[in-house]
Amino acid sequence: METATIPAELEACWKQLDCGFPRVAPVFADCMRAALATLSKQGVDAYLEHARFLGKMGRGAEPILIFLESWPAVAKTLGEDALPAVIECIRRMWKSPNGNSIVPFLQSLPATARRLQSPQQLRGYLDIALDFMERTTGSIHGIHQTFPSPGLPEFFKQIPLLLGQLSLAGLKNWVEYGVRYYKDHPDRQIDYFSLQSADSRAVLQRERHGTLLVDNERKLDMYLRGLWHDEGQLIPYSSAFDELRKPVPYYDKLGIRLPDVYDDFIPSVGCIPCAENGARSAPYEAAGEIVISGLDRYRAVLAHVAAHRRWTTAIFADNFSPFQRMAVEFLEDSRVEYLAMREYPGLRRIFMALHPAPAEDACDAEQESGVRHRLAMLSRAILDPRHLYKNPHVVDFAQRFHDLMRHSDSSTQEMTELAVAFVARTRRQSDQLAKIHFTDTVVDYRDDNRQMWKFIEEGDEEEAFDAPRKIEPGEEIKGLPPRHYHEWDYLNQSYRPDWVSVYEALHPPGNAADIDRLLAKHGALAKRLKKMLDLLKPQEKVRIRYQEEGSELDLDVALRSLIDYKSGATPDPRINMSHRTSGRNIAVMLLLDLSESLNEKAAGCDQTILELSREAVSLLAWAIERLGDPFAIAGFHSNTRHDVRYLHIKGYSESWNDQVKGRLAAMEAGYSTRMGAAMRHAAHYLEKQRADKKLMLILTDGEPSDIDSKDGRLLVEDARQAVDELDRQGIYAYCINLDRKADEYVADIFGKQYTIIDRVAQLPEKLPTLFLSLTK
């Protein structure tokens, strides 16, 4: 059915790729369209250049196929600038004995990108992987690396699971433990990094902690939109790789940068928030302690950032000293928090719990610079009216702050004047000391305030890292990019993420008159079916009242509304009613196996299985159309996991017309049967139908198989897992199997939800009657 012909507009790209693998040509056009829709012109050139390298490095067709399919989606998540780091990692594996790790690394890349979501996080992850590789790759004489790392391929296979439970810091510690203790034990290293050993699972459990940003991104995004009427991409960063300068939250034009994980926070005694009556008030208590959850810590950061974005006006920084700038930032932070708490008073308990309360006598003025200490005390005094500070300057300026805020929102400029006055009033000779007092002065839910400053003379520190990344689309895009689905690995009892690529398209048209002739050929059968259909058609009609728009007027409600109108009350506008038929609410998906075996002659018949299937499906479609049930028809076949074709023959919004008949008449068979991926993709459309019952009929003539699956049981188990997934989605899957040997496997996949038709010649008669019996 599918040819490897490259469209004329993509011939130049195909020549640039210069690939000789036959498996690449059938999917190249679809992958290229996805790349043109996602990448810039420079990104497309780099995409083809590096794909060419992957195709010529001597590792077969798998690396280039995976890269072509997955990189556009990865680039959309991480940005095109992440590609050099990825390719450099692949080159280092290729130049070492670890070439066997390239395929699992590329296969895990889409899931890794979805979990990490930023180029900085990806670089940290690649550093972990490359360090792991260098330390576990063996050599004979200690000079040249000879033996591949035993655990590296297993590590990449488990990455989606690991990143689903660990932050990058936790992943780094988990890898470090495995390398340290199993570096010289290859078998035990494999067990550790494949999560088979008890030691591995124990360390994983130990490193699991905190609230991961990626697991709560949707909640936090809705919080930002719903409460603050603000939006921005949430981009994680890790503090595990910057020991000297711990990164802090910040925002720019590209999004809001947040830590990838927050642990629950237990405030010190001085930081415990209090209610108005003096009793403790906190999100929850654990073992007698006040605890601020990781999710509330994220909410505090977002509230602070949203308040800055709403109320802070950027000011010039050139004329302020470093101490003055620090004071302005502290006071502006306090102002926007004050305004945020005025709008949402519940924020006070979280801010007070997270804001440190420095002891007044903690700083030795003779030995330490106390600028940060005094500003932290002032910030705490502004936030907490019940503070116990005696410092006259802190008390005075806290009162002056509240006087400014009492009757207005104040402004960034007024906070600037107050901050400069505070620095001038409290200046000490010891403020110039190199040793600065930092204890209890870091408010970790506040951002770094980079957006509140602008510079007349910009330096390196003000480089704009937020230049807009405008992606220029290529020519007009036709077709859809591949959709990736997981596949069940029964040996490891886990899913292989993004393992199968499904390409969907509209089936090519044919001659609709061929289907009309088939229906005429079975005219006697159609008459019998018509009698059965008349019995199944819904007869009763149910009124749906209180409709603003409907088929007729609801007199009772209309009169009541008229009385309300005459009485001066607001009338009910829902004065119409409509009708619906009761007793039948079914949506159907008919999924056809179009593998090569359908071209064989049916036993005891001159027709092929494909021709008989076409007749049966035509009769079934005619019957369903007469019943009025919404239904769709699709066919599928596969040529390895990289090329599963899903062909739309009839959509739910289409009627049984000549266009649909033409597609059905043009059905052809070829390639293999990767059933699980096709069922998952069909469920993507069926689950969106509004129906009490959702039925998926799978018509096939053999067991699931594909040329790249050496284990015959693998795709059978995946199909069984897909049926379980459909059941959890509320979809009833039923198989009509035309294979006489189907008893050996069909029950393992569908349980009792199947029928075997041994005499294929009877299919046109049996298929419609079977459907009617299933939907009574």
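As shown above, the structure is provided for reference.
What you see is a predicted model; the values in this text were computed from it and never measured. (Residues numbered from 1 in each chain as written. Predicted model: local features only at pLDDT ≥ 70, side-chain atom pairs only at ≥ 80, totals over all residues. Heavy atoms only, no water.)

Caption draft 1: A look at the overall build of the chain. Scanning the chain for helices and strands turns up 27 helices and 22 strands. With respect to the principal axes defined by its C-alpha atoms, the chain has extents near 105 × 100 × 55 Å. Long-range pairs, those at least 24 residues apart, make up 73% of the contacts in the chain with a sequence separation of at least 6. In the form shown here, the chain has an accessible surface area of approximately 36,900 Å², with 50% of it arising from carbon and sulfur atoms. Within the chain, one finds 98 positive and 114 negative side-chain charges whose respective centroids are separated by 4 Å. (Helix = DSSP H or I, 4+ residues; strand = E, 2+ residues; numbered from the N terminus. Contact = heavy atoms within 4.5 Å. Areas by Shrake-Rupley, 256 points an atom, 1.4 Å probe, with all protein chains shown as cover. Lys, Arg positive; Asp, Glu negative; His and termini not counted. Charge placed at Lys NZ, Arg CZ, Asp CG, Glu CD.)

Caption draft 2: Structural context of the layout of surface pockets. As a volume, the second largest pocket reaches approximately 940 Å³. If you trace the second largest pocket, you find 33 residues lining it, with K157, D489, N492, R496 and W499 closest to the centre. Those elements giving two or more residues to the lining of the second largest pocket turn out to be α6 (102-116), α8 (152-163), α11 (198-207), β12 (483-489) and β13 (494-506). Taken together, the residues that form the lining of the second largest pocket break down as 12 nonpolar, 9 polar and 12 charged. (1 Å grid on protein atoms, 1.4 Å probe; cavity = no way out; pocket = protein on both sides within 12 Å on 5 of 7 lines; lining within 4 Å. Points joined across faces, edges and corners; volume = space filled by probe spheres on them. Nonpolar A, V, L, I, M, F, W, Y, C, P; charged D, E, K, R; others polar.)

Caption draft 3: Inspection of the pairing of strand β19 (residues 644-650) at higher detail. A large share of β19 lies buried, amounting to 7 of its 7 residues. The sheet contact formed by β13 and β19 spans 5 bridges and is parallel. The partner of A505 across the bridge, within β19, is L647. In textbook terms, the turn of a hairpin is the stretch between consecutive antiparallel strands, and for strand β18 (residues 631-638) and β19 this stretch comprises 5 residues, one of which, T640, has a positive phi near 80°. (Buried < 20%, exposed > 50% of the residue type's maximum accessible area, 1.4 Å probe, protein only. Pairing = 2+ DSSP bridges.)

Caption draft 4: Quick look at the sheet that holds strand β5 (residues 250-252). Spatially, 3 strands are ordered β4-β6-β5 in an open sheet, and the strand pairing comes out mixed. Unpaired on one side and paired on the other, β4 (234-237) and β5 mark the two borders of the sheet. The sheet shows a mean angle of 30° between the axes of neighbouring strands, direction not considered. Two elements, β4 and strand β6 (residues 255-259), share 4 bridges in a ladder whose sense is parallel. What sits directly across from Y237, in β6, is P259. Taken strand by strand, helix α13 (residues 294-311) contacts β4, β5 and β6, and its axis lies near 150° from that of β6. (Axes fitted to C-alpha atoms, helices over the stretch in contact; angles between N-to-C directions.)

Caption draft 5: Inspection of the pattern of salt bridges at higher detail. Enumeration over the complete set of coordinates arrives at 48 salt bridges. Here E176 makes a salt bridge to R135, at a shortest N to O gap of 2.8 Å. Of the two residues, E176 sits in helix α9 (residues 168-182) while R135 sits in helix α7 (residues 119-136), which places them 41 residues apart along the sequence. Take E176: its relative accessible area is 25%, and that puts it in the partly exposed class. The class of R135 is partly exposed, set by a relative accessible area of 27%. A salt bridge links D514 to R517, with the shortest nitrogen-to-oxygen separation between them at 2.2 Å. Placement of both D514 and R517 in helix α19 (residues 512-521) is noted, with a separation of 3 residues, approximately one turn of the helix. (Salt bridge = Lys/Arg side-chain N within 4 Å of Asp/Glu carboxyl O.)

Caption draft 6: Examining the packing of aromatic side chains more closely. Using the criterion set out here, one finds 24 aromatic pairs in the structure. Look at F351 and Y445: their rings are 5.1 Å apart centre to centre, the planes differ by 15°, and that puts the pair in the stacked class. A residue pair is termed long-range when its members are at least 10 positions apart, and F351 in helix α15 (residues 347-354) and Y445 in the loop between α18 (412-426) and β11 (453-454) qualify at 94 residues. Overall, the relative accessible area of 0% leaves F351 in the buried class. The buried category is assigned to Y445, whose relative accessible area is 1%. Through successive ring pairs, a cluster of aromatic residues spans F105, F132, F155, F156, W174, Y177, Y181, Y182, Y192 and F193. The aromatic ring of F53 is capped on one face by R91, whose charged end is 4.1 Å from the ring centroid. Note that R450 overlies the ring of Y250, its terminal NZ or CZ placed 3.6 Å from the centroid. (Phe/Tyr/Trp six-rings, centres within 6.5 Å; stacked < 30°, edge-to-face > 60°. Lys NZ or Arg CZ within 6 Å of the ring centre and 35° of its normal.)

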